Amino acid sequence: MTSSNLTEAVDSICKKFSITDEQLKSISSEYIRLTKLGLNHNGEAMAMIPSYVTATPSGRETGTFLAVDLGGTNFRVCSIHLNGDNTYDLLQTKTVIPRNLMVGTSKELFSFLAQKVKDFIATHLSEKFDEDATDHQLKLGFTFSFPVSQTAINRGTLLRWTKGFDVKDAVGQDVCLLLQDELDALNLNVHVAALVNDTVGTLMSRSYTSPGHHTTIMGIIIGTGTNCAYVENLDAITKLGEEKISNLRKNSPMMIINTEWGSFDNQCVSIGSTDYDEQVDKKTPNKGMQLFEKRISGMFLGEILRVILADLCSQKLLFKSSSSELETEWKLDTSALSRIEADFSKNLIATRLLIEKELALESTLEERKAIKTIVEAIGKRSAYLAGAVVAGILEHTKAFEKHGIIDVGMDGSVIEFYPGYESLIREALSAIIGQTKESRVQIGIAKDGSGVGAALCAVVA
Ligand code: BGC
């Protein structure tokens, strides 16, 4: 192997991952087209799901609520006290979801969740909670972060699983009822009052805690998976039908839409595709779906990097020999990319140690430089794709005509921990809408979106 061969191979990989300003603009336009399609028709891949949440909070809401959150690696149970002054107190427990429950039966999964609620109440709320009371005492907000066709604030059938879950018999069932039945079986006086996507929760919690008086119009998650919810005019959601729209309009002219943007452009018309993306997609239970998500979110970036490194190794361009770790699917997670991006040491020592620890491989400085360049290309593509669709929503909603400063709440491990991610999103935004408008977009981390947001939806309910 010669160093120029490796440099050439890395250049060609980076080219495949790069997105020009022209491409950014066409991604943004395609996003607007599919937004309209999803608002007009049921059954589109980018589902544009009405949340039935028709108000954002003022910050003055009060009360104590339970919230549970199923959506990625962990299951969380929380109790939230809203203090009514933009602040809240939160108590929570987290449990890693056993792998067998992610692919087992709905009975196994939901009875496990109900048992965790029971344990939480016994440990933290037993004084406040009278198990013998006959009416449902505690309102629970259920953050369920998968595509659900929602028909009311606490009704919704599961359309499909994402992020490695595959509990087949749950598809088509009402997930609120699945949880309520198991809570009832444990004699818990808890009422599932609201079904909430984590992005809707993020938007709600950012509105509740938002500093100043800027209107929050989007809630975005870029973590294990990715998605966005935004504030839409009721009249634009034509698939609801005239009658429903005019009934809903009596209370409010708006509704939060859960876009399910993870399935934006599954045809890859605008977002492009590399052979590495295709290799990763093939290994997932939802092949051909969520292709936007598979280029952006935390569950996939590590695996994209691993397949590239394994490919370069098989071509004898990288590493002296392979290792079983390098050949192990899903061996690298996104935190590996974050650590390599953040390594500015002269000899890339942190990168060397990481490759030794995670892949059991020795590397030369030149190899580490090549790996860092590839990591930067993967990270940049992820943030650019996110920026392009944010620009699409800003244009579709005419946000710059309606608001001075536009507030966007974000959460998730990628946005929170990936070095420079927000700056890259801003770079893409600026290339599409211009720097003046980009500077009117305020991005803030909305912590505890799925807990506090679910509680806020339970208030609305
Ligand atoms: C799900 C969304 C969710 C997102 C972030 C996606 O895989 O389809 O419902 O909001 O992950 O958790």
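In this text, all values refer to a predicted model and were calculated from it rather than measured experimentally.

Trainee: I keep staring at the sheet that holds strand E10 (residues 226–233) and nothing clicks. Help me out?
Mentor: The strand order across the open sheet formed by six strands is E1-E11-E10-E9-E12-E13, and the pairing between neighbours is mixed. With partners counted over all chains shown, the strands left at the sheet margins are strand E1 (49–50) and strand E13 (441–445), one partner each. In this structure, strand E12 (residues 406–411) lies alongside E13, joined through five bridges in parallel fashion. From the neighbouring strand, Ile406 faces E13, where its bridge partner is Val441.

Trainee: Got a minute to help me understand unusual backbone geometry in this structure?
Mentor: When glycine is set aside, most residues are seen to have a negative phi, and most peptide bonds are trans. With phi around 65 degrees, Tyr52 is a residue other than glycine that occupies positive phi space. You can see Tyr52 is positioned in the loop between E1 and strand E2 (62–70). Take Tyr52: its relative accessible area is 13%, and that puts it in the buried class. Positive phi, close to 50 degrees, is recorded for Leu348, a residue that is not glycine. Along the chain, the position of Leu348 falls in the loop between helix H11 (334–341) and helix H12 (349–359).

Trainee: I would appreciate a short explanation of the packing of helix H2 (residues 21–40) against helix H13 (residues 365–396) in the present structure.
Mentor: Working note: a packed helix pair is described by the angle between its axes plus the distance between those axes. Between H2 and H13, the shortest axis-to-axis distance is 8 Å and the interhelical angle comes to 55 degrees. In terms of axis orientation, H2 runs oblique to H13. Seen from above, H2 lies across H13 with right-handed handedness. For the pair H2 and H13, the contacting residues are Leu24, Ile27, Ser28, Tyr31, Ile32, Thr35, Lys36 and Leu39 in the first and Tyr384, Leu385, Ala388, Val389, Ala391, Gly392, Ile393, Glu395 and His396 in the second.

Trainee: For this particular structure, what's the right way to read the sheet that holds strand E4 (residues 88–96)?
Mentor: Hydrogen bonds between backbone atoms are what pair the strands of a sheet, whose relative direction is either parallel or antiparallel. Overall, mixed pairing links the five strands, which are arranged E4-E3-E2-E5-E8 in an open sheet. Two strands lie at the open edges of the sheet, namely E4 and strand E8 (190–196), each paired on one side alone. Across the sheet, the mean angle separating the axes of adjacent strands is 20 degrees when strand polarity is ignored. Note: E2 against strand E5 (residues 138–144), five bridges, orientation parallel.

Trainee: When you look at the side chain of Glu61 in this model, what are you seeing that I'm missing?
Mentor: Locating Glu61 in the fold gives a position in the loop between E1 and E2. Residues in contact with Glu61, not counting those within four places in the same chain, are Leu82, Asn83, Gly84, Tyr208, Leu456 and Val459.

Trainee: Looking at this model, I keep getting lost on the site of the ligand. Mind explaining?
Mentor: Among the 15 residues in the neighbourhood of the ligand, the closest are listed as Thr162, Asn197, Asp198, Glu260 and Glu293. Between the ligand and the protein, one listed contact pairs an oxygen atom with a side-chain N or O atom of Asn197 at 2.8 Å. For the ligand, an oxygen atom lies 2.7 Å from a polar atom in the side chain of Glu293. The fraction of the free accessible surface of the ligand (310 Å²) that becomes covered by protein chains is 98%. Counted by class, the shell around the ligand contains three nonpolar, eight polar and four charged residues.

Trainee: Is there a simple way to think about the pattern of salt bridges in this case?
Mentor: Counted according to the given criterion, the structure contains 21 salt bridges. Between Glu30 and Arg33 there is a salt bridge whose closest N-O contact spans 3.0 Å. Residue Glu30 and its partner Arg33 are both found in helix H2; the two are separated by three residues, about one turn of the helix.

Trainee: I'm lost on the packing of H11 against H13 in this one. Help?
Mentor: Closest axis-to-axis distance for the H11/H13 pair is 9 Å, and the angle between their directions is 115 degrees. As for how H11 packs across H13, the hand of that crossing is left-handed. Counting all contacts with H11, which are made through Leu337, Ile340 and Glu341, the residues of H13 involved are Ile371, Lys372, Val375, Glu376 and Ile378. Looking at the contact of H11 with H13 residue by residue, the class counts come to five nonpolar, no polar and three charged.

So, how was this worked out
- Residues numbered from 1 in each chain as written.
- Predicted model: local features only at pLDDT ≥ 70, side-chain atom pairs only at ≥ 80, totals over all residues.
- Heavy atoms only, no water.
- Pairing = 2+ DSSP bridges.
- Helix = DSSP H or I, 4+ residues; strand = E, 2+ residues; numbered from the N terminus.
- Buried < 20%, exposed > 50% of the residue type's maximum accessible area, 1.4 Å probe, protein only.
- Axes fitted to C-alpha atoms, helices over the stretch in contact; angles between N-to-C directions.
- Parallel < 35°, antiparallel > 145°, perpendicular 65-115°, else oblique.
- Left-handed = near helix turned anticlockwise from the far one by under 90°.
- Contact = heavy atoms within 4.5 Å.
- Near = heavy atom within 4 Å.
- Polar contact = N/O pair within 3.5 Å; in protein donor to acceptor, adjacent residues only side chain to side chain.
- Areas by Shrake-Rupley, 256 points an atom, 1.4 Å probe, with all protein chains shown as cover.
- Nonpolar A, V, L, I, M, F, W, Y, C, P; charged D, E, K, R; others polar.
- Salt bridge = Lys/Arg side-chain N within 4 Å of Asp/Glu carboxyl O.

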